[in-house]
Structures are given as structure tokens and as C-alpha cells.
Amino acid sequence: MKVHKEETTMENHITQISREDLEDLRDAFNKIDIDNSGYVSDFELQELFRQASFSLPGYKVREIIETFIAGDTNKDEKINFEEFVSIYQELKSKEFSETFRKTITRRDGIRSFGGTSRISSEGTQHSYSDEEKVAFVNWINKALAKEADCEHLLPMNPNDESLFTSVRDGILLCKMINLSQPDTIDERVINTKKLTTFKMTENLVLALNSASAIGCTVVSIDAHDLMAGKPHLVLGLLWQIIKVGLFADIEISRNDGLINLLTDGEQLEHLLSLSPEELLLRWVNDHLHNAGTQTISNFSDDIKLLNFSDDIKDSRAYFYLLDQIASQGENDYKMSGKIDMRGLHEPDLDQRAELMLQQAARLDCRQFVSPQDVTSGNSKLNLAFVANLYNMYPALQRAQTNSNGIDTVHIEAESREEKTFRNWINSLGVSPYVNHLYWDLCDGLVILQLHEKVNVPVNWKKVNNPPYPVLGANMKKLENCNYAVELGRDVAHFSLVGIGGENLNEGSHMHTLALVWQLMRRYTLLVLSDLGDGEKVGDQIILTWVNTMLSQKRKDTQISSFKDKLISTSLPVIDLIDAIAPGTVKWDMVKRGEKGVLKDEDKLNNAKYAISLARKIGARVYALPDDLVEVKPKMVLTVFACLMGHGLKKANR
């Protein structure tokens, strides 16, 4: 971190942080907060200080954590950026030993800071990255250039604040969600004409609930925040949406060429457990290795990426990566010409980065980064740059088996149920981000966080946090899993017959799904218990409420259970939505068929319309249209429960 002039006030002896230091702190925070949740966990604090060039011994970090937890009123043991800045200020102050405990526990009085920040409704200032704003604007301008519904918004000017006002009507956010995860939103539901404040709010609610359904964390954002164009919230949400799209194809089931990234003797399970970021690093290093074996002039064997920050600042890795892609692209992508490598000899790093990006532009891949983003090592934007490059030109040879003898044909893609559960988990803001439902839950930490989300108290002093010891690491993870199963069985009273901690630890699909489903069901029903004065809500209560509402509003549909075949038409769901929010349904969009018999195509169209309508009126539905068409009882239950919760909340206003 650069050394800047600091000021200490005579009144409270708190070090004031310069704008430059504040930006450095934000960069350090973002390097640790790789999932852009807005938080880091307490066990990541020591690494965060190291990134901020303020190394502390372990015992001192533990003291800070103990003090922080003591004043952590919400008991989430997570640290947001403002809290980190407050801690940093205290550490830099001469009076730290006397004032740290008092100040860090004053949760509602976190000291504000200046620079490129904006003031939230709570009075706390939030910074945002101008580089991110520029990158996202340029990406959106290109990605949505042909969207007729966005003509009134695009192109945006990356050099002003137009991005923050452009999200106000919700259309742009809905389009970006569908760009990242096609068909998430039925576009027949988006309000595009005569946009009153009410209709814009509906679009924003639809966007937020749909973003949640694809795994974005939106618990701290509402439609009013987006209507107001709060920069840090807009950028945070957009980054999550963009990242979902960038990472969608970075998995072996989508590109079996990734199997070639296995090292000698490595098991497939390890490769499957890697995050998209880790797979991208392997992909780049594989191309760099190939560049080295081809004895490219001036190539050094020490070029190996360990990160997307410091290791890419000199642009060398990018030059060789582009050259490898272009070399293979002559056959695979019908590209002409080779990458001009003369830029490697440019001594000025900013100019070298510009020359590199000019070569990327020849591949139509000059997105997300400026030369300064490369030379400063902006990890978030460089990750996006490389992910886009991979998506455009993976340059991986496809094979039925790899050198380890692994048959790629039998690698199963993530099931619809698994994806729904994973997106639900991530939408709650767990840490770390769950990329793989089984591998990322095998240490028990995410399951324990989910327990807290359903009001099952967790004694975190009994939990083992990473980094785990080299010897006995799996034993520590197993202890966490045993504790998670114990809480589920003895406190939550879940049905966990035959399920032990070892099943979670081993990544057993059947047992993990059984526990996660019960957690999701409990989470869905909690809102109903809250609205019903704590009354325990069962399936029959929901079913009775649904049929009563349909009957009171004189609807023709009734359902006998959550397995009723009539649900495959989605008509009971659409009728219920109309009963809860009259005037929402455009009936010319609904197919009823001749004598109640619908074609499969019409059933799917109805289901898409029903799910998007439910999200538009405010029900946070995670189920997918296919779940209604196929009448999957578990997911059908969640749809009706979410609608019941929204209906009761609306009635109680």
C-alpha cells in the first residue's frame, strides 16, 4: 500500500484515511471478497490485513476478532467494508489500546469516510469503483445493443452516472438476468410501456426475485434502493448477475475439454471440486505451459499465474495466452493472422497493456479491462476479462478419454434440483460461495450457516474454521459435519434417519440433498409461521389456504394435493396469483386448451408465465417452470408456500 499523509483529530485521536488509502483498502477487500458478497469472514481477517500491507501477528488478529464478535449485534461474524475500515482506523490510531474495544462495538456509529463515496439512507458512506462502472457500462452497451426494449437507455455514457439512473425502470436488469441465464424471466411479464412508478417498481421486484433465483445475494437490496440508483448496490448486483453469466460454461459438463487440465495422477473428483476461478487459472497456465514447450522467443518458464492481480500486471501472461488461442484458432475459429508479440518489448507497462488489449480487440475480446486495470492488478475485472476470453475461445481439444483414462462421456451435468438448491443457498449470502453443491458443503460450514438461517442456534466455538491443519484436515471437517447433523436431528427435528456427518463429508448426493431440502422447506415455511403468530405450518394448512383463496375469488381450479396433475397446466398457480394481486394476469397470455387439455408447449409457456408473475408480485420463488409442468411435489409446495406468504403479508398491511 502506498504511504499517504494521515491526519489525527485532536478530539478523538482517530486516524483519518486519505482517498488514496481508502481505494487501496477497497482493492484489498475485493481480493478477499471474491464472491462480491460485501462481507469477509472473521477467519479471513489476517489475510485481509496482509493484502492491505498491514501485517499483524496471529495473536493480535485473534484479539481483534474476539473484540469484534463481542460487539457483533447480529452475530453473523462477518465483516463488511465499513467495519474493516473502522478496524483499520483504530489500528492506525495512537490510542488503539484504549479506544479499540469501545469504538468497534459501536455498531450504529461506524465512522464515515470520504473519497468517491455516496451516503446511504442509514447515514453510512459507501465507496464504489469508477473502473467497475466503466467496465460494466461498456459490457452492457455491447451485450444489449440490439435490445429494442432498451433503446431508451442505450448506449450509456461510461464517463457519467447514467448507469445508476438506467436501472431505475427495471428493464435493463431483467434483460441482463436473461442474458446471464436465458429464460429466467418470461419477458411477457416485463412492463415496457407507459412506465409509471408502480410499474417500474414491479419490474425491479421481478428483477430482484429473479436474481435471487439464479443465486445472487439480494438480501440487503430492495426496489427503493435501485429506484434511487445507489451506486454501490447497483454495481454489486450487476457484478453478481454478470459473473453468473461469465461462469455458466466454466464447468466440465459444459466443456469436456477441461478434463485435459487434470495433472498426472490427479483424480477427477479434485478437478470437479474446483471453483470457476480456479479452473480459469488452470486453463491459462495450461496455455502458458504449451507456449513454453513451443520455445517461444523470450518465454520464461517462470510465467505461471497464481492469481488475477499481481501476476498479470506486466501483461506477459496475456500476450502468450492470446498467442496460443490465435494459433489454435486458425483451425478452430477461422481466425486469420497471428498475434503481434512485439508489444512484449515495450518497457512502459501501461503502454504494453494497451498493445496487448489491441491484440485482444482483434479477437473481439477487449472487454472489462483498461490498460490501467491490468497494470494495477484489478482482480475482479481481470477475472471477468479472462472468463470472457475463455467463453469466446476455450481452445481446448475435446476427447472421449484423457491421459488418466477418465471417460468424459459419463460426467453428469448438474441436475435441475441441485441447481435450484445451490442457487437458493447462494442467495442467502453464505460464505464461501457454493459452486458445487456437494464438494462445497463437505466441511459442514455452509450447512451450519443454513441452520442459522432457519433459526437453529449454532455454537460457533464448537466449529472448526479454515485454514485447516495439513494433518487431520478432514477430521476437522468431519467434526463440523457431525455437529451439523446433530443440530438438524436434535434441534431442528429433521428426519435424518441413516444420515451421519460422514455422508456430508463424503459428498453423498442422496444424503446431502435430503438435508438441504429440509432446510429449504423450513426456510420457506418460516415466513408463514411468523405471519401466523408462530403457528407451525404444515402442508395441509397451505393446501387449505390455496383452495379457500381460489374458492373465495370464484376460480374454477382446485387442487387435491401438491401432486395434482392439474398443476401441470399452471392454471391453479395463475388463478391464485390473480386472486392475490387482481389485474396482474394478462389472460390473453394464458393457454387453457380445448376441454382443459393442453399441449406440452402450452403447459411450458403457462409455467414460465406463472413463475415470472409470482416473482413480479413479490413472491421469492426458486422453483423452475419445469417443476410445475412435471408436478415435482417438493418444488410445487415451495411455490404455493411463497405465494401464501406473500398473500398473507399483503392482507396484513
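Parameters and conventions
- Residues numbered from 1 in each chain as written.
- Predicted model: local features only at pLDDT ≥ 70, side-chain atom pairs only at ≥ 80, totals over all residues.
- Heavy atoms only, no water.
- Helix = DSSP H or I, 4+ residues; strand = E, 2+ residues; numbered from the N terminus.
- Buried < 20%, exposed > 50% of the residue type's maximum accessible area, 1.4 Å probe, protein only.
- Contact = heavy atoms within 4.5 Å.
- Areas by Shrake-Rupley, 256 points an atom, 1.4 Å probe, with all protein chains shown as cover.
- Core = buried A, V, L, I, M, F, W, Y, C linked by side-chain atoms within 4.5 Å.
- Axes fitted to C-alpha atoms, helices over the stretch in contact; angles between N-to-C directions.
- Parallel < 35°, antiparallel > 145°, perpendicular 65-115°, else oblique.
- Left-handed = near helix turned anticlockwise from the far one by under 90°.
- Nonpolar A, V, L, I, M, F, W, Y, C, P; charged D, E, K, R; others polar.
- Salt bridge = Lys/Arg side-chain N within 4 Å of Asp/Glu carboxyl O.
- Phe/Tyr/Trp six-rings, centres within 6.5 Å; stacked < 30°, edge-to-face > 60°.
- Expected span 1.5 Å × (residues − 1).
- Bend = angle between axes of the 7 residues up to and from the residue.
- Lys, Arg positive; Asp, Glu negative; His and termini not counted.
- pLDDT = per-residue confidence, 0-100.

## Some remarks on the overall build of the protein
- Helix and strand content of the protein: 27 helices and 6 strands.
- In the protein, which comprises 653 residues, the share counted as buried stands at 56%.
- Across the protein, contacts joining residues at least 24 apart in sequence account for 61% of those joining residues at least 6 apart.
- Surface exposure of the protein reaches about 29800 Å², of which carbon and sulfur atoms provide 49%.

## Description of the nonpolar core
- Counting 181 residues, the largest nonpolar core has Leu280, Trp283, Ile425, Ile542, Phe640 and Leu643 as the members making the most contacts within it.
- The element best represented in this core is helix 11 (residues 231-247), accounting for 11 residues.
- Contact partners of isoleucine 425, with chain neighbours within four places excluded, come to Val430, Val434, Leu437, Leu441, Val446, Leu450 and Val516.
- Listed in part, the 21 residues of the second largest apolar core include Phe84, Val85, Ile87 and Leu91.

## Details of the packing of helix 23 (residues 539-552) against helix 24 (residues 571-580)
- Between helix 23 and helix 24, whose axes approach to 9 Å, the crossing angle comes to 70°. As judged from the angle between their axes, helix 23 and helix 24 are roughly perpendicular. Where helix 23 crosses over helix 24, the handedness of that crossing is left-handed. Judged by residue contacts, Trp545, Val546, Met549 and Leu550 of helix 23 engage Pro572, Asp575, Leu576, Ala579 and Ile580 from helix 24.
- When its residues are assigned to classes, the contact of helix 23 with helix 24 shows 8 nonpolar, no polar and 1 charged.

## What to know about the pattern of salt bridges
- This structure, assessed with the given rule, holds 23 salt bridges.
- The partner of lysine 133 in a salt bridge is glutamate 161, with the nearest N and O atoms 3.7 Å apart. Here the residue lysine 133 occupies a position in helix 6 (residues 130-143), and glutamate 161 occupies one in the loop between helix 6 and helix 7 (162-166), the gap between them amounting to 28 residues.
- When its relative accessible area of 34% is taken as the criterion, glutamate 161 is described as partly exposed.
- With its nearest N and O atoms 2.5 Å apart, the salt bridge here joins aspartate 249 to arginine 254.
- With relative accessibility at 46%, the residue arginine 254 sits in the partly exposed group.

## What to know about the packing of aromatic side chains
- Counted under the stated rule, the structure contains 8 aromatic pairs.
- Seen from their ring centres, tyrosine 318 and phenylalanine 385 are 5.0 Å apart, and the 65° between their planes marks the pair as edge-to-face. Placement of the pair is tyrosine 318 in helix 14 (residues 316-332) and phenylalanine 385 in helix 17 (residues 379-392), with a sequence separation of 67 residues.
- The exposure class of tyrosine 318 is buried, given its relative accessible area of 1%.
- Judged by its relative accessible area of 1%, phenylalanine 385 falls in the buried class.
- Relative to tyrosine 523, the ring of tryptophan 424 has its centre 5.7 Å away and its plane inclined at 65°; by these criteria the two rings are edge-to-face. Of this pair, tryptophan 424 sits in helix 18 (residues 416-427) while tyrosine 523 sits in helix 22 (residues 509-531), placing them 99 residues apart in sequence.
- Here tyrosine 523 falls in the partly exposed class, since its relative accessible area comes to 29%.

## Focus on unusual backbone geometry
- Cis geometry marks the peptide bond from serine 431 to proline 432; its omega dihedral reads 5°.
- One can find proline 432 in the loop between helix 18 and helix 19 (445-453).
- The amide bond that connects proline 466 to the next residue, proline 467, takes the cis arrangement and shows omega of 0°.
- Within the fold, proline 467 resides in the loop between helix 19 and helix 20 (473-490).
- Backbone geometry at serine 315 places phi at a positive 70°, although glycine is not the residue there.

## Details of helix 22
- For helix 22, spanning 23 residues, the distance from its first C-alpha to its last is 34 Å, which sits close to the expected 33 Å at 1.5 Å a residue.
- Taken as a whole, helix 22 carries its principal kink of about 30° at leucine 525.

## Topic: the side chain of arginine 615
- If you trace the backbone, arginine 615 turns up in helix 25 (residues 600-616).
- The charged side chain of arginine 615 is buried without a salt bridge, its nearest counter-charge being aspartate 627 at 7.9 Å.
- Sequence-distant contacts of arginine 615, that is, excluding residues within four places in its chain, are made with Thr184, Val205, Leu206, Asn209, Ser210, Ala213, Val621, Tyr622 and Ala623.

## Some details on helix 23
- The end-to-end C-alpha separation of helix 23 is 20 Å, in line with the 20 Å expected for 14 residues at 1.5 Å each.
- Contacts from the buried residues of helix 23 go to helix 22, helix 24 and helix 27 (633-651).
- A positive phi of about 60° marks arginine 554, the residue just after helix 23.

## Description of the environment of threonine 201
- With respect to the element layout, threonine 201 can be found in helix 9 (residues 197-213).
- Residue class for threonine 201 comes out partly exposed when judged on its relative accessible area of 22%.
- The spatial distance from the C-alpha of threonine 201 to the C-alpha of arginine 168 is 8.4 Å, given a sequence separation of 33 residues.
- In this view, threonine 201 contacts Ala223 and Met227; residues no more than four positions away in its chain are not counted.

## Side note on the side chain of histidine 287
- Within the secondary structure, histidine 287 sits in helix 13 (residues 276-293).
- Residue histidine 287 is classed as buried on the basis of its relative accessible area, which comes to 2%.
- Those residues in contact with histidine 287, other than ones at most four positions away along the chain, are Leu321, Gln324, Pro394 and Ala395.

## Some remarks on the packing of helix 24 against helix 25
- For the pair helix 24 and helix 25, interaxial distance at closest approach is 9 Å and the crossing angle is 30°. Relative to helix 25, the element helix 24 lies roughly parallel. Crossing angle aside, the handedness with which helix 24 passes helix 25 is left-handed. Judged by residue contacts, Leu571, Val573, Ile574 and Ile577 of helix 24 engage Asn606, Tyr609, Ala610, Leu613 and Ala614 from helix 25.

## Description of the confidence of the model for the protein
- Taken as a whole, the protein shows an average pLDDT of 85; of its residues, 82% reach a score of 70 or greater.
- The model gives residues 1-14 a pLDDT under 50, and that stretch makes 32 contacts with residues more than four places away or in other chains.
- Counted against residues more than four places away or in other chains, residues 94-124, with its pLDDT under 50, gives 63 contacts.

## Some details on the environment of isoleucine 221
- Tracing the sequence through the fold places isoleucine 221 in the loop between helix 9 and helix 10 (223-227).
- For the pair isoleucine 221 and leucine 208, spaced 13 residues apart in the sequence, the C-alpha separation amounts to 8.1 Å.

## Focus on the environment of glutamine 351
- Within the secondary structure layout, glutamine 351 lies in helix 15 (residues 349-362).
- Taking relative accessible area as the criterion, glutamine 351 reaches 35% and is therefore assigned partly exposed.

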